[in-house]
Amino acid sequence: HVKSNFNEESDLYISSFWLAKQTDGAYLQMHGDNDGGNNLHFEYSTGIYLNDILKEGELWFPKLKYKYPPRCGDLVCWPSQDTKYDHAIQKIISD
């Protein structure tokens with residue numbers, strides 16, 4: 001579905017992968033996934049959520065004025081090169 005949603009004709013490949021456990025109080029500051037233009041081969045970024053995050057911890061795209069409340073099993077994709085997709089993870093608060 002990623003190829004069709006982005007009207008991408010070329011095959012897509014995973015170029016890097018990291019697994020992170022975000023615990024109570026964790027957050028990520030605003031950033032872009034192309035590392036300030038150093039990773040121009042990154043066309044798309046994705047996040048796969050392995051758990052529900054029920055309080056706070058939204059994926060936040062401030063320039064789009066959009067917050068995404070992740071749920072277990074969600075796959076979220078966005079363009080890596082466009083700075084309007086710079087994003088943050090808001091502070092996670094556990095129940």
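Please refer to the structure higher up on the page.
Residues numbered from 1 in each chain as written. Predicted model: local features only at pLDDT ≥ 70, side-chain atom pairs only at ≥ 80, totals over all residues. Heavy atoms only, no water.

Visitor: Hey, could you run me through the nonpolar core in this one?
Guide: A general tendency of soluble globular proteins is for nonpolar side chains to be buried together. One finds Ala26, Tyr49, Ile53, Leu59, Phe61, Val76, Trp78, Ile89 and Ile92 forming the largest nonpolar core, which totals 9 residues. Counting only elements with at least two residues in this core, the list comes to β3 (59-61) and β5 (75-79). When residues no more than four places from it in sequence are discounted, the contact partners of Ile53 are Pro70, Arg71 and Ile92. (Core = buried A, V, L, I, M, F, W, Y, C linked by side-chain atoms within 4.5 Å. Buried < 20%, exposed > 50% of the residue type's maximum accessible area, 1.4 Å probe, protein only. Helix = DSSP H or I, 4+ residues; strand = E, 2+ residues; numbered from the N terminus. Contact = heavy atoms within 4.5 Å.)

Visitor: Is there a simple way to explain the sheet that holds strand β6 (residues 87-89) in this structure?
Guide: Paired through their backbone hydrogen bonds, the strands of a sheet run either parallel or antiparallel. Strands sit in the order β1-β6-β3-β4 across an open sheet of 4 strands; the sheet is antiparallel. With partners counted over all chains shown, the strands left at the sheet margins are β1 (28-31) and β4 (66-68), one partner each. Neighbouring strand axes in the sheet, compared pairwise and without regard to direction, differ in orientation by 15° on average. For β3 and β4, the ladder comprises 3 bridges, and the chain directions are antiparallel. By the bridge assignment, Phe61 is partnered in β4 with Tyr66. (Pairing = 2+ DSSP bridges. Axes fitted to C-alpha atoms, helices over the stretch in contact; angles between N-to-C directions.)

Visitor: Hey, could you run me through the environment of Ala88 in this one?
Guide: With respect to the helices and strands, Ala88 occurs in strand β6. A residue is classified by how much of its surface remains accessible, and Ala88, at 5% relative accessible area, is buried. Residues Ala88 and Phe61, spaced 27 residues apart in sequence, show a C-alpha to C-alpha distance of 6.7 Å. Each residue touching Ala88, except ones within four places of it in the same chain, is listed here: Leu28, Gln29, Met30, Glu58, Leu59 and Trp60.

Visitor: How should I be thinking about the environment of Phe17 in this particular structure?
Guide: By the element assignment, Phe17 lies in the loop between α1 (2-5) and β1. C-alpha of Phe17 to C-alpha of Thr46: the two residues are 29 residues apart in sequence and 9.9 Å apart in space.

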